[in-house]
Amino acid sequence: MLINHCKKQYIRKKPKTNTYRDFEKKLDRVFSEYIRLSKSNDGYCTCVTCGNIHHWKEIHNGHFISRSVKATRFNEINCNPQCVRCNSFRQGEHHIYRKYLINKYGEKTIEDLENTAHLGGSYSAYDLENMISEYKEKVRKLKIEVDNGN
Ligand SMILES: [Zn+2]
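Each chain has its residues counted from 1, following the order in which its sequence is written. Reporting of local features is limited, given that this is a predicted model, to residues whose pLDDT is at least 70; pairs of side-chain atoms are given and counted only at 80 or more, and all residues count toward the totals for whole chains, interfaces and linings.

Draft legend 1. Looking closely at the overall build of the chain. Each helix and strand counted, the chain has six helices and four strands in total. Only DSSP runs of H or I covering at least 4 residues are called helices, and only runs of E covering at least 2 are called strands; the numbering of each starts at the N terminus. Along its sequence from the N terminus, the chain presents helices and strands in the succession α-α-β-β-β-β-α-α-α-α. Looking at the chain as a whole, 27% of its 150 residues are labelled buried. In this scheme the burial state of a residue depends on its C-beta neighbours within 10 Å: 20 or more other such atoms mean buried, 12 or fewer mean exposed, and anything in between means partly exposed; the C-beta positions come from the backbone.

Draft legend 2. Spotlight on the environment of G51. Structurally, the position occupied by G51 is in the loop between strand 1 (44-46) and strand 2 (53-55). G51 sits 32 residues away from C83 along the chain, and the two C-alpha atoms are 8.9 Å apart.

Draft legend 3. Summary view of the environment of G120. Tracing the backbone through its elements, the reader meets G120 in the loop between helix 5 (107-119) and helix 6 (125-147). Judged by the 10 C-beta atoms lying within 10 Å of it, G120 is exposed. Distance in space between the C-alpha atoms of G120 and V69 is 7.3 Å, their sequence separation being 51 residues.

Draft legend 4. Up close: the pairing of strand 4 (residues 79-82). Side chains C79 and P81 project from strand 4 onto one buried face, and the interleaved N80 and Q82 project onto a second face that is buried too. Pairing between strands is defined by DSSP: at least two bridges between the two strands are required. Where strand 3 (residues 60-63) meets strand 4, four bridges bridge the pair, whose relative direction is antiparallel. Within strand 4, the position partnered with G62 by the bridge is N80.

Draft legend 5. Representation of the packing of helix 4 (residues 94-105) against helix 5 in the model. Note on geometry: axes are lines fitted to C-alpha atoms, helical ones only across the stretch in contact, with angles between N-to-C directions running from 0 to 180 degrees. The interhelical angle for the contact between helix 4 and helix 5, taken along N-to-C directions, is 125°, at an axis separation of 7 Å. Between helix 4 and helix 5, the interaxial angle falls into the category oblique. Contacts from R98, L101, I102 and Y105 in helix 4 reach E107, T109 and I110 in helix 5. Note that the term roughly parallel is reserved for angles under 35 degrees, roughly antiparallel for angles over 145, roughly perpendicular for angles of 65 to 115, and oblique for everything else. This entry defines residue contacts through backbone-placed C-beta atoms, with two residues in contact when those atoms are within 7 Å.

Draft legend 6. Looking closely at the nonpolar core. When buried Ala, Val, Leu, Ile, Met, Phe, Trp, Tyr and Cys residues are joined through C-beta atoms within 7 Å, the set is termed a nonpolar core. With 22 residues, the main nonpolar core has F31, Y34, C47 and I59 as its most contacted residues. Among the secondary structure elements, those contributing two or more residues to this core are helix 2 (20-38), helix 4 and helix 6. The biggest single contributor to this core is helix 2, with five residues. With near-sequence residues (within four places) excluded, F31 lies in contact with F74 and Y135.

These figures come from the coordinates and say nothing about function on their own.
This is the structure:
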């Protein structure tokens, strides 16, 4: 395949602007760190669906309601530490996950969460930008507490 060098250079020189998707990706990353750090015990997280314990860096942020649903993508109740096996290879163990959440938050809270997802809606780019700063600061503090900044 031929590479068009002129075009490539032109793209590189374009001013860097953040698109909605960029904000979403950045927030995904920092929000995932926040969930795993804030729900850890001295940096170790328990998988919400199988109970196995992993270091926060070796566990996923598992979404109860799929990450593709924007209305609940950054909801702290909807997101919990979940091991790679449960999250990736067992489709999130939805049934067990729901039981865990009901046990922890009560049925009403989980039904409200499901209704929020059902109603839809999404964050504005402005919201995402603010949430990125907010969670970055929270993660910075948690890393000092949990992991001595590592
Ligand atoms: Zn698991």
